[in-house]
There are 2 protein chains.
Amino acid sequence: MLATTARSVALAPRTAAVRVSRRAVAVRASSEPINPSIKKDVDKVVDTVSIKDLDKPKVAYCRCWRSDTFPLCNGAHVKHNAATGDNVGPLLVAKE
Amino acid sequence: MLATTARSVALAPRTAAVRVSRRAVAVRASSEPINPSIKKDVDKVVDTVSIKDLDKPKVAYCRCWRSDTFPLCNGAHVKHNAATGDNVGPLLVAKE
């Protein structure tokens, strides 16, 4: 049974964490663009990481297209998920 | 100078490739969820890949959240980009 839409607005001063049902999120997400600002002059943004170049045992790569350090993750997905009810997160690339 | 909105509708029978200006795409993308259907029962989808998981020299990982083989890329970004005017593509993880 799908969760009904719950519209409780938190009183946090800056980001209003609006809880929306996952179904509403799915419907809105399906036909919209994803990338607001990264390399918009390029037809398709493809990045390559070679495991030997990793400077740590495990490195997080962005999948929410809002990181200031793209293609690396900087945690921007937390704010995006809170603002839209989404559930995206990074790809962790590990040496071992 | 930003490209003006060009509304030429291709005559392709199935997907109508609507060309919209990159600025219109950026504005629509910024506040919408990204992931329509992947693991919506999970609060944050984080995947890990390590070198021993790579069965080829270079493997493509999805960043458009529409691949049937998620977290792996299956080319679903092509249809998404054509339908929304977006420019997303995969992360290629290479052994060397």
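Going along each chain's sequence as written, the residues are numbered from 1 onward. Key to labels: chains lettered from A, ligands numbered from 1, both in the order written. Confidence filtering applies because this is a predicted model: local features only for residues at pLDDT of at least 70, side-chain atom pairs given and counted only at 80 or more, and all residues used for totals across whole chains, interfaces and linings. Note: side-chain values were computed over all heavy atoms of the structure, leaving out hydrogens and water.

Description of the UniProt feature "domain: Iron-binding zinc finger CDGSH type" (unreviewed entry) in chain A
Quick reminder of the rule: UniProt positions are given in the numbering used here, feature names are shortened, and annotations may be inferred rather than shown by experiment. The secondary structure listing takes helices from DSSP runs of H or I that are at least 4 residues long and strands from runs of E that are at least 2 residues long, numbered from the N terminus.
Sequence positions flagged by UniProt for "domain: Iron-binding zinc finger CDGSH type" (unreviewed entry) are, in local numbering, residues 44-83 of chain A. The span residues 44-83 of chain A is 20% helical and 25% strand by assignment, and the distance between its end C-alpha atoms comes to 26 Å.

Re the pairing of strand S2 (residues 58-61) of chain A
As a reminder, the rule being used: When DSSP locates at least two bridges between a pair of strands, those strands are taken to pair.
Both S2 of chain A and strand S3 (residues 88-94) of chain A contribute to a ladder of 4 bridges, which runs antiparallel. Within S3 of chain A, the residue paired with Lys-58 of chain A across the bridge is Ala-94 of chain A.

Quick notes on the relation of the copies chain A and chain B
Here is the rule: Residues below a pLDDT of 70 in either copy are left out; the C-alpha atoms of the rest, at least 70 in both, set the least-squares superposition of the copies. Contacts are assigned to residue pairs with any non-hydrogen atoms lying within 4.5 Å of each other.
Superposition of chain A onto chain B requires a rotation of 180 degrees combined with a translation of 0.0 Å along the rotation axis, giving an RMSD of 0.4 Å. Expressed as an axis order, the relation between the two copies is that of a two-fold axis. Counting the interface residues of chain A, we find that 100% of their copies in chain B are interface residues as well, pointing to one common contact surface.

Notes on the environment of Lys-52 of chain B
Inspection of the secondary structure assignment puts Lys-52 of chain B in the loop between strand S1 (45-50) and strand S2 (58-61). C-alpha separation for the pair Lys-52 of chain B and Lys-95 of chain B, spaced 43 residues apart in sequence, amounts to 9.1 Å.

Considering the nonpolar core
Put simply, the rule is: Here the nonpolar core consists of buried residues drawn from Ala, Val, Leu, Ile, Met, Phe, Trp, Tyr and Cys, with membership extended through side-chain atoms lying within 4.5 Å. When accessible area is computed with a 1.4 Å probe and restricted to protein chains, residues below 20% of their type maximum are described as buried, those above 50% as exposed, and intermediate ones as partly exposed.
If you look at the biggest cluster of nonpolar residues, it comprises 18 residues, and the most contacted ones within it are Trp-65 of chain A together with Trp-65 of chain B. Beyond its immediate stretch of four places on either side in the chain, Trp-65 of chain A contacts Ile-34, Asn-35, Pro-36, Ile-38, Val-45 and Phe-70 of chain A together with Arg-63, Val-88 and Gly-89 of chain B.

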